[in-house]
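Residue-level listing of the chains:
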Amino acid sequence: MPTAPLALIAELTHRCPLRCVYCSNPLELRARSEELSTETWVRAFEEAAQLGTLHVHLTGGEPLARSDLTPLVLAARSAGLYTNLITSGIGLNEKRLSSLVEAGLDHIQLSFQDAEESSANTIAGCSAHAQKVAVARLISETRLAFTVNLVVHRRNLDRLEEIISFAERLRPHRIEIAHVQYYGWALRNREALLPTLDQVQESVAVVERAKERLKGIKIDFVTPDYYAAFPKPCMGGWARLLMVVDPSGKALPCHAAGVIPGLKFENVKEKSLRWIWEESSSFRRFRGEDWMPEPCRTCERRTQDFGGCRCQAFLVTGDAAATDPVCSLSPHRHLIEAVLERINLSPLAGDIGSSAEPGAGNVKALDTDLALRQRWAYRTNPAGVWERPEL
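Being a predicted model, the structure only gives us computed values, none of them experimental. (Residues numbered from 1 in each chain as written. Predicted model: local features only at pLDDT ≥ 70, side-chain atom pairs only at ≥ 80, totals over all residues. Heavy atoms only, no water.)

Asker: Help me understand the packing of aromatic side chains, please; the structure alone is not making it clear to me.
Answerer: For any pair of aromatic rings, the description consists of the separation of the ring centres together with the inter-plane angle of the planes. This structure, assessed with the given rule, holds six aromatic pairs. Taken together, a centroid distance of 5.6 Å and an interplanar angle of 65 degrees make the contact between Tyr-182 and Tyr-226 edge-to-face. In this pair, Tyr-182 sits in the loop between strand 6 (174-179) and helix 7 (184-188) while Tyr-226 sits in the loop between strand 7 (218-222) and strand 8 (242-245), placing the two residues 44 residues apart along the sequence. We note that Tyr-182, like Tyr-226, is buried. (Phe/Tyr/Trp six-rings, centres within 6.5 Å; stacked < 30°, edge-to-face > 60°. Helix = DSSP H or I, 4+ residues; strand = E, 2+ residues; numbered from the N terminus. Buried < 20%, exposed > 50% of the residue type's maximum accessible area, 1.4 Å probe, protein only.)

Asker: Would you take a moment to explain the state of the cysteines for this structure?
Answerer: Structurally, a disulfide amounts to a covalent bond that connects the sulfur atoms of two cysteines. Taken as a whole and judged by the stated rule, the model has zero disulfides. This cysteine, Cys-296, is not joined by any disulfide, and Cys-327 carries the nearest cysteine sulfur, 6.6 Å off. (Disulfide = S-S within 2.5 Å.)

Asker: When you look at helix 3 (residues 94-103) in this model, what are you seeing that I'm missing?
Answerer: One turn of an α-helix holds 3.6 residues; hence residues three or four places apart share an orientation. Those residues of helix 3 that sit buried are Arg-96, Leu-97, Leu-100, Val-101 and Ala-103. All buried residues of helix 3 project into a common sector of 160 degrees when viewed along the axis, lining one side. Seen from the open side of helix 3, the exposed residues pointing more than 90 degrees away from its buried face are Glu-94, Lys-95 and Glu-102. As for helix 3, its buried residues are in contact with helix 2 (69-78), strand 3 (82-87), strand 4 (107-112) and helix 5 (129-140). (Arc of directions from axis to C-beta. Contact = heavy atoms within 4.5 Å.)

Asker: I tried to follow the pairing of strand 6 on my own but got confused; where do I start?
Answerer: Looking along a regular strand, one sees side chains alternate from face to face of the sheet. Most of strand 6 is tucked away, with five of its six residues classed as buried. Note: strand 5 (residues 145-152) against strand 6, six bridges, orientation parallel. Along strand 6, the bridge assignment pairs Leu-150 with Ile-177. The parallel pair strand 5 and strand 6 is bridged by helix 6 (residues 160-169), and the resulting crossover is right-handed. Relative to strand 7, strand 6 is paired through five bridges, and the arrangement is parallel. The residue bridging Glu-176 from the neighbouring strand is Asp-220, located in strand 7. (Pairing = 2+ DSSP bridges. Right-handed = clockwise from strand over helix to strand, strands pointing away.)

Here is the structure:
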């Protein structure tokens, strides 16, 4: 019997005011009409606590798009869960922040696209940077634990030292520096966002210097999978530590699992979290070692990385049961090497926000297809309701 999930990742909505070119959310997003009711989320939080879950990560999309966010925080905290809000900060003001704190919110993770405003706004697809900075100042004056999340990639990695210094001035308790993970929109933009080997090596040195200098701030660093010799234990292993519930109630072993064909994902409106975690075929499919092919099955690392990422295996090789192709022992590693060869032979284009034309030289231009990106975008109407713009 599997141990209880450490955390429930509650994707409250897929509505979002940003249109980030690296977003790893699914390309087929859930509409507002499909979102779970307040009551169903409250029941899910109670079931998670009864299952033994400790944390709930309230995310999206943009969770602030939910008008019932404060009652949801209160319900999660009342169930005994540690509450973490993962947000862009857009839609958060002093009054709303105060209500979330009073409801029992424990932690906020606030994302930034860059230290430089024009570049940050270009990546986000809208003018959001200044609002984010203002929100960070509000958060720093509360009792909340505060994490600044910095998403890095080929277009901003050369400014990492500057970006870390910017984050330091926001007075967080923790800085997470996360390379783009290649799912969703990020996969479309992989060859425009994946950094060169030189950039990755320099970023490691920059982070080490920052860790030495910033003794009072914890720094976590997530490197790009493609340059690793061995895969990371994605989500701590398939259905081992975490459970994701999407806005419509579909329960998933990880954010991207919906891309894998042939799996039936149960809905929390119809099944309990305990049944889904312990009995559902989708959660059991890649749990443990029985599913593993060689070389995973006899590899001494199989209890450390659990075969790597199933979604990455499917997206790169077409087979979700294959050894993660980023692994140096994988028979499919040549597919990753081919991507890296193209990346490292291509001269860097001008940074986003610079005078150079994006995609100059041989670097693939960012896919910012307006119609597709607008499908993701939501704005508030005069009544304060988040809705999709007309195309």
